[in-house]
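One-letter residues, chain by chain:
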Amino acid sequence: MDTKIRSLIKKLTLEEKVSLCSGSDFWHTREIERLGIPSVMVCDGPAGLRKQNLEDENGDVNNSIKAVCFPAAVNLAASFDTDLVQSVGEAIGEACQAENIAAILGPGNNIKRSPLCGRNFEYYSEDPYLSGKTAAAFIRGVQSKGVGTSLKHFCGNNQEYRRNSYDSRIDERTLREIYLKGFEIAVKESQPWTVMCAYNLVNGVQMSQNKRILTDILRDEWGFKGLVMSDWGAVRDRVKGIAAGLDLEMPSSYAAYDALVIDAVRGGELDEADLDTCVERILDFVFKAVDNHDDKAVWNKDEQHLLARDIATECVVLLKNEERVLPIKNDDHVLFVGGFAKKPRFQGGGSSHINCMNVDSVLYAMQGNSKLVYEEGFSAVSDERDDKLFNRAVAAAKDADKVVVFAGLPDSWESEGYDRKNMDLPQVQNDIISDIAAVNDHVIVVLQNGSPVAMPWADKVSAILETYLGGEGVGVATVRALYGKINPSGRLPETFPLRVEDCSSYIDFSGDCEEIEYREGIFVGYRYFTKKKIPVQFPFGYGLSYSTFTYGRMSCDTDTMKDDETVEVTVDVINESNIPGKEVVQVYVEADIPDTRIRRAVRQLAGFKKVFLEPHEKKTVSFILDKSAFAYYDTKLGDWYVEPGDYKVEICKNAEEVISSMTVNVSPRKPQKRVYDENSVYMDIMKDPAAGKIAAPFFEKFAATFLDSGKRDESAAEAFGTDLEVYLRDTTLRNAVNMSLGDLTYKDMKELLEKLNR
Ligand code: BGC
């Protein structure tokens, strides 16, 4: 421990220490003037800075200063580009420095378990690897500017309904492989200064006092060194929270629990050392922020506005482009339809809401274009149909070369605080798209939404461009993509199902119950759809380009490895077109172990890289895969384990389309020691050659008895057929004793077990 902090802790009274463990107001840590302990400010993001305007006379926590709004988390994940995400983090870090903010409250790193979660726009993906890598890049960017982050909402926070009190019931393997994995990657790779615990419970324990997750896993297993703060108002039992490793309560509860904590220390219920540990981490955070503060930092909002446009451009996902209707040519007569063209939906609602200075609408970006006609057609804020607007747009569509409909979810349909009821767009939008498609063959739909929507008209339109919530530069970015000034290169960080009912979480999501059973286990998103072969609208990882990419030879530098070794996977990518563009190369791993006892997804993402290719350029892309690409979480072992066997390493276009694959045999350096008992079955014992040899005489004796017609009714033997192997397959050691008509004894079995386990 820092000597300065150690000596401060010695000087603090018990009351002062306790007071430090809660904020001083909505956004600040507590100051202790007599000891020179300053107060620092944290503030929301993470799509930009949401700093409360401290000059507001009414102290309105929702009145925040003007800031730059970058694309939402879902967009950043769709870029599949960690360098890009890092650059957003850097920009936000600069803003924080200039505004003297100690840490930004983000990134949000929860898994999109259902397309209906109200905060999906604030989260990255349904896949923990993509989530973790994206979060790690964002954290790296912000923290490179000497400003902290708060990785949130840790963990199991995957819906908004009853968000303070629901209990996420998640089995251990699923917790480790899906809901903790993204946090684990981000913590290990980027050491966020802080982690924010979630509101909910996990497996019966409120996250704000969940010692197993906040301390045993986060700190002891993963090596997290920073501070844990509560989500706003998430504290339940402050005494238990301190003992569990929840250092800082936010916001201030105005000493609601101080007396309880003081009594608990005095009464011996809470170890003062635990309190000191929390204080130490708080002081460490405060002084780190102060030491890293740069009072000369500048925040150039105009420059960042341009950056926001560029970032948004990189996140656009082209989902459909029949007959190359896109890009639009400069001399095409185009009709734009939809309220969103004028009033874009570019950010999500709730605590991440940025007070923007400057928002580019699509119409703004098209100013002065004489080939453009605009008809509103429908409102961007409601589902009300205005027949006059609607009919004018459909009539105008007849005369246009191409029609672009700007559709999306109104602000109030998707926000922190509540979940969506369904995956639908407003009916008026579905109707107008269908009616326009009936009179014009070149309809392009541009979507502005934070999470998947149903597209009943998908087959009727020529092109679909998913722009998600593109931040304040959305208009310019969209026009660039539509007119081919840039080449779309985003990929879906989540599956777009055909119907929400097809999702694995459908039955156990939200609903009026406090216990949310994660019964689908690890089969979330594409892990489920590929396993069940359920058709989807667009798979995870999907996205098109104006370029045409092909893949050349794939190679692996080994076909056998131990789990402490790595394999390098290499593939050539070629841009066959005349248009420069970026391809996202994706690597997945599929276990190819026929007699596996592990339930597995068909394939899991293990790597991705975005590469820029000039026309007709070829580049070689390579990935290093280590144990984490092959391991599953073994609950008996309490650790990650690679089941020995063959694994297909696959270069894919998306989660459903494999381009090429090679097999690597992977085995653990320290094979799991099998322990046999009375219930061990023949087929498992025989799979292990050494054990099989030892047990063979025992089972041979049993088989002889079984076939010995003198001892056993002939018809019984016949009833099982002559296929002894089939009968034996499921026989346990004790079955063999019980059914051997006295030929095998309990003692025989005990002796055999002793030999097997030796
Ligand atoms: C949200 C957090 C946010 C905090 C502060 C909470 O309601 O869940 O994500 O950082 O408020 O605004």
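Remember, it's a predicted structure, so these values are computed and weren't measured experimentally.

Bringing the overall build of the protein chain into the picture now. Counting secondary structure elements, the protein chain contains 23 helices and 29 strands. Rg of the C-alpha trace for the protein chain: 30 Å, near the compact-globule value of 27 Å for 758 residues, within the 12% margin. The buried share of the protein chain, reckoned over its 758 residues, is 60%. Relative to all contacts within the protein chain whose residues are 6 or more apart in sequence, the contacts with residues 24 or more apart total 76%. Counting 91 positive and 120 negative side-chain charges, the protein chain places the averaged centre of each group 2 Å from the other.

Tallying each qualifying case throughout the model produces 0 disulfides. No disulfide involves C43; its sulfur sits 5.5 Å from the nearest other cysteine sulfur, which is in C96. Lacking any disulfide linkage, C513 is separated from the closest cysteine sulfur, that of C117, by 15 Å. Residue classification places C513 among the partly exposed positions, given a relative accessible area of 35%.

Before going further, it helps to spend a moment on the pairing of strand 4 (residues 148–154). The buried fraction of strand 4 amounts to 7 of the 7 residues, a majority that puts the element mostly inside the structure. The pairing of strand 3 (residues 103–105) with strand 4 spans 2 bridges and is parallel. In the sheet register, I104 faces strand 4, and the bridge partner there is T149. For the segment spanning strand 3, helix 5 (residues 128–143) and strand 4, crossover handedness is right-handed. Here strand 4 pairs with strand 6 (residues 194–197) via 3 bridges, running parallel. For F154, the partnering residue across the bridge sits in strand 6 and is C197.

Looking now at the domain arrangement of the protein chain. Domain annotation for the protein chain reports domain 1 (305–538), domain 2 (549–667) and domain 3 (682–757). Each partner contributes residues to the interface: domain 1 has 13 residues there, and domain 2 has 18 residues. Around 1,300 Å² of area is buried between domain 1 and domain 2 when both sides are counted, 49% of it from carbon and sulfur atoms. The interface formed by domain 1 and domain 2 includes 3 salt bridges. Between E314 and K582 there is a salt bridge, with its nearest N and O atoms 2.9 Å apart. Here domain 1 is connected to domain 2 by 8 residue pairs in polar contact (both at pLDDT 80 or more). If one sorts the elements of the side of domain 1 that touches domain 2 by residue count, helix 17 (residues 526–532) sits on top with 4 residues. Of the residues that constitute the side of domain 1 that touches domain 2, the class distribution is 5 nonpolar, 4 polar and 4 charged.

Before going further, it helps to spend a moment on the environment of F630. Residue placement: F630 occurs in the loop between strand 25 (618–625) and strand 26 (632–634). Take F630: its relative accessible area is 2%, and that puts it in the buried class. A sequence separation of 64 residues divides F630 from I694, and the C-alpha atoms of the two residues are 31 Å apart. The contacts of F630, once residues within four sequence positions are left out, are M561, V567, V589, R600, L625, V642, Y647, V649 and V666.

Okay, the environment of F346 next. Within the fold, F346 resides in the loop between strand 11 (334–337) and strand 12 (355–356). On a C-alpha basis, the gap between F346 and P71 in space is 7.4 Å, while along the polypeptide they are 275 residues apart. When neighbours within four sequence positions are excluded, F346 is seen to be in contact with C69, C356, V359, L469, G470, G471, E472 and V474.

The strand order across the open sheet built from 6 strands is 10-16-15-14-11-13, with neighbouring strands paired in mixed fashion. Of all strands in the sheet, those with a lone pairing partner are strand 10 (317–321) and strand 13 (372–375), marking the two edges. Taking the axes of each pair of neighbouring strands and ignoring which way they run, one obtains an average angle of 15° across the sheet. Where strand 14 (residues 402–408) meets strand 15 (residues 443–448), 6 bridges bridge the pair, whose relative direction is parallel. Bridging across to strand 15, A407 finds its partner in L447.

For the rest of this paragraph, the subject is the site of the ligand. For the ligand, the set of nearby residues contains 14 residues, the closest of which are D44, R119, H153, Y199 and D231. In this structure, K152 approaches the ligand through a side-chain N or O atom, which is 2.9 Å from an oxygen atom. Taking E416, its side chain carries an N or O atom lying 3.1 Å from an oxygen atom of the ligand. Protein burial of the ligand: of its 310 Å² of free accessible surface, 94% is covered by the chains. Tallied by class, residues from the shell around the ligand come to 5 nonpolar, 2 polar and 7 charged.

Turning next to the packing of helix 4 (residues 82–98) against helix 5. Running from amino to carboxyl end, helix 4 crosses helix 5 at an angle of 35°, the nearest separation of the two axes being 6 Å. The handedness of the crossing between helix 4 and helix 5 is right-handed. Residues T82, V85, Q86, V88, G89, E90, I92 and G93 of helix 4 form the contact with helix 5, whose participating residues are K133, T134, A137, F138, R140, G141 and V142. Class assignment for the residues of the contact of helix 4 with helix 5 results in 6 nonpolar, 6 polar and 3 charged.

Let's shift gears to helix 1 (residues 3–11). The periodicity of an α-helix, 3.6 residues per turn, causes residues three or four places apart in sequence to face the same way. When we look at burial in helix 1, the residues that qualify are I5, L8 and I9. Down the axis, helix 1 shows its buried residues gathered within 100° of arc, on one side only. Every exposed residue of helix 1 that faces more than 90 degrees away from the buried side is listed here: T3 and K10. Residues of helix 1 that are buried make contact with helix 2 (14–20) and helix 11 (272–292). Capping the start of helix 1, D2 holds a side-chain oxygen 2.9 Å from the backbone nitrogen of K4, two or three residues further along.

With the exception of glycine, the majority of residues adopt a negative phi angle, and the majority of peptide bonds are in the trans configuration. A cis geometry characterises the amide bond from G106 onward to P107, with omega recorded as 5°. Tracing the backbone shows P107 in the loop between strand 3 and helix 5. Look at the link from L326 to P327: it is a cis peptide, with omega at -5°. Looking at the secondary structure, you find P327 in the loop between strand 10 and strand 11. For F80, which is not glycine, the phi dihedral falls at a positive 45°. Take F80: it is sitting in the loop between helix 3 (73–78) and helix 4. Not every positive phi belongs to a glycine, and H616 is a case in point at roughly 60°. Following the sequence through the fold, H616 ends up in the loop between strand 24 (604–613) and strand 25.

On inspection of all chains with the given rule, the structure shows 57 salt bridges. For the salt bridge of D44 with R50, the shortest nitrogen-to-oxygen distance reads 2.7 Å. Accessibility expressed as a relative area gives 8% for R50, which makes it buried. R173 serves as the salt-bridge partner of E177, at 2.7 Å between the closest nitrogen and oxygen. Here E177 pairs with R173, and both are found in helix 6 (residues 172–179), just 4 residues apart, close to one helical turn. Residue classification places E177 among the buried residues on the basis of a relative accessible area of 9%. A relative accessible area of 16% places R173 in the buried class. Taken together, the shared-partner salt bridges connect R119, E122, E160, R163 and E416 into one network.

Cut-offs applied
- Residues numbered from 1 in each chain as written.
- Predicted model: local features only at pLDDT ≥ 70, side-chain atom pairs only at ≥ 80, totals over all residues.
- Heavy atoms only, no water.
- Helix = DSSP H or I, 4+ residues; strand = E, 2+ residues; numbered from the N terminus.
- Rg over C-alpha atoms; globule rule 2.2 N^0.38 Å.
- Buried < 20%, exposed > 50% of the residue type's maximum accessible area, 1.4 Å probe, protein only.
- Contact = heavy atoms within 4.5 Å.
- Lys, Arg positive; Asp, Glu negative; His and termini not counted.
- Charge placed at Lys NZ, Arg CZ, Asp CG, Glu CD.
- Disulfide = S-S within 2.5 Å.
- Pairing = 2+ DSSP bridges.
- Right-handed = clockwise from strand over helix to strand, strands pointing away.
- Domains from an automatic or database assignment.
- Buried area = accessible area lost by both parts, 1.4 Å probe.
- Salt bridge = Lys/Arg side-chain N within 4 Å of Asp/Glu carboxyl O.
- Polar contact = N/O pair within 3.5 Å; in protein donor to acceptor, adjacent residues only side chain to side chain.
- Nonpolar A, V, L, I, M, F, W, Y, C, P; charged D, E, K, R; others polar.
- Axes fitted to C-alpha atoms, helices over the stretch in contact; angles between N-to-C directions.
- Near = heavy atom within 4 Å.
- Areas by Shrake-Rupley, 256 points an atom, 1.4 Å probe, with all protein chains shown as cover.
- Left-handed = near helix turned anticlockwise from the far one by under 90°.
- Arc of directions from axis to C-beta.

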